[in-house]
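# Geometric and topological summary
Each chain, letter by letter, is given below.
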Amino acid sequence: MGADETADERPRLLLDVMLGKLATYLRMCGYDTMYALDEGVEGDDRLLELAEADGRVLLTRDRQLAGRADDAVLLTERDVEDQLCELRDAGFSLTLDDTPTFCGRCNGPLDSVGGEESETTESTTPRPDYAPDDRPLWRCRECGQFFWKGSHWTDVEARLKEL
């Protein structure tokens, strides 16, 4: 995977229950990232079924589970930054896209709010009072969460660059 790839070219991912903190980072990097507990899935057999049925690469810390999967990445580290290093070393692009694609909370698709990038009627949602007026704003189609590039975005971007 190269640095120039788009979200459409990136593999779709399924993270097992041990990798919840990693989900937000991967979503911010433009990966369609399903997290097992968000789906109410904990059992290994069900994880394997879901990965196969949905065409997702399984990310796991469970060596036996990784060995049973058709397409899996085994992570050995516990710390999320170390896990990100493992993914980088495995060829995953870990840079933030200019335009966020997936909700960091639920993995739903994001729509621009009140900007030129608006493509759906969902994007006619008024800007909430708590959102800054001087930045582009996005809203999740699934959970309704609003996002903008603020201090959290800057912190994650710096953390990824340090890797």
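Residue indices begin from 1 for each chain and proceed along its sequence in written order. The model is predicted, so local features are restricted to residues of pLDDT at least 70 and side-chain atom pairs to those at 80 or more, both for listing and for counting; the totals for chains, interfaces and linings are taken over all residues. Neither water nor hydrogens contribute to the side-chain values; these are computed over all heavy atoms in the structure.

The name that an unreviewed UniProt entry assigns to the protein chain is Mut7-C RNAse domain-containing protein, with the source organism given as Halogranum salarium B-1.

### Quick look at the overall build of the protein chain
Test applied: In this text, helices come from DSSP runs of H or I with a minimum length of four residues, and strands from runs of E with a minimum of two, each type numbered from the N-terminal end. Throughout, exposure labels follow a simple rule: accessible area from a 1.4 Å probe, protein chains only, divided by the maximum for the residue type, with under 20% read as buried, over 50% as exposed, and the rest as partly exposed. Contacts are assigned to residue pairs with any non-hydrogen atoms lying within 4.5 Å of each other. All accessibility values rest on the Shrake-Rupley procedure with a 1.4 Å probe; residue burial counts only the protein chains present in the view.
On a plain count of helices and strands, the protein chain comes out with five helices and seven strands. From first element to last, N terminus to C terminus, the protein chain shows the α and β order β-α-β-α-β-α-β-α-β-β-β-α. Counting all 163 residues of the protein chain, 44% fall into the buried class. Counted over contacts in the protein chain with a minimum sequence separation of 6, partners at least 24 positions apart contribute 51%. As presented, the protein chain carries roughly 9,100 Å² of accessible surface, and 42% of it is formed by carbon and sulfur atoms.

### Some words on the layout of surface pockets
Threshold: With a 1 Å grid spanning the protein atoms alone, the term cavity applies to any set of points in which a 1.4 Å probe fits but cannot get out, the term pocket to an open set with protein on both sides within 12 Å along at least five of seven lines, and the term lining residue to any residue with an atom within 4 Å of a point. Grid points are joined across faces, edges and corners, and a volume is the space filled by probe spheres set on the points.
Its volume calculated, the largest pocket comes out at about 240 Å³. In terms of lining, the largest pocket is formed by 18 residues, of which the most central are Met28, Phe147, Trp148, His152 and Trp153.

### Some thoughts on the nonpolar core
Note the cut-off: By convention a nonpolar core is built from buried Ala, Val, Leu, Ile, Met, Phe, Trp, Tyr and Cys residues, the set being connected through side-chain atoms within 4.5 Å.
Counting residues in hydrophobic clusters, the biggest one holds 24 residues, and the most contacted among them are Leu13, Leu15, Leu22, Leu26, Leu59, Leu87 and Leu160. Every element with two or more residues in this core is listed here: β1 (13-15), α1 (20-28), β3 (57-60), α4 (80-89) and α5 (151-162). In terms of residues, this core owes the most to one element, α1, which gives five residues. Once you skip the residues sitting within four places of it in the chain, Leu22 turns out to touch Leu15, Leu59, Leu75, Val80, Gln83, Leu84 and Leu87.

### Focus: the pairing of β3
Using the following cut-off: Here the rule is simple: two strands pair whenever DSSP picks up at least two bridges between them. Classification remark: right-handed applies to a crossover when, strands pointing away from the viewer, the course from the first strand over the helix to the second runs clockwise.
Burial of the side chains of β3 extends over both faces: Val57 and Leu59 are buried on one face and Leu58 and Thr60 on the other. One ladder, built from three bridges, connects β3 with strand β4 (residues 72-74); its direction is parallel. When the sheet's bridge partners are listed, Leu59 is paired in β4 with Val73. Remark: the β3/helix α3 (residues 63-68)/β4 crossover connection has right-handed handedness.

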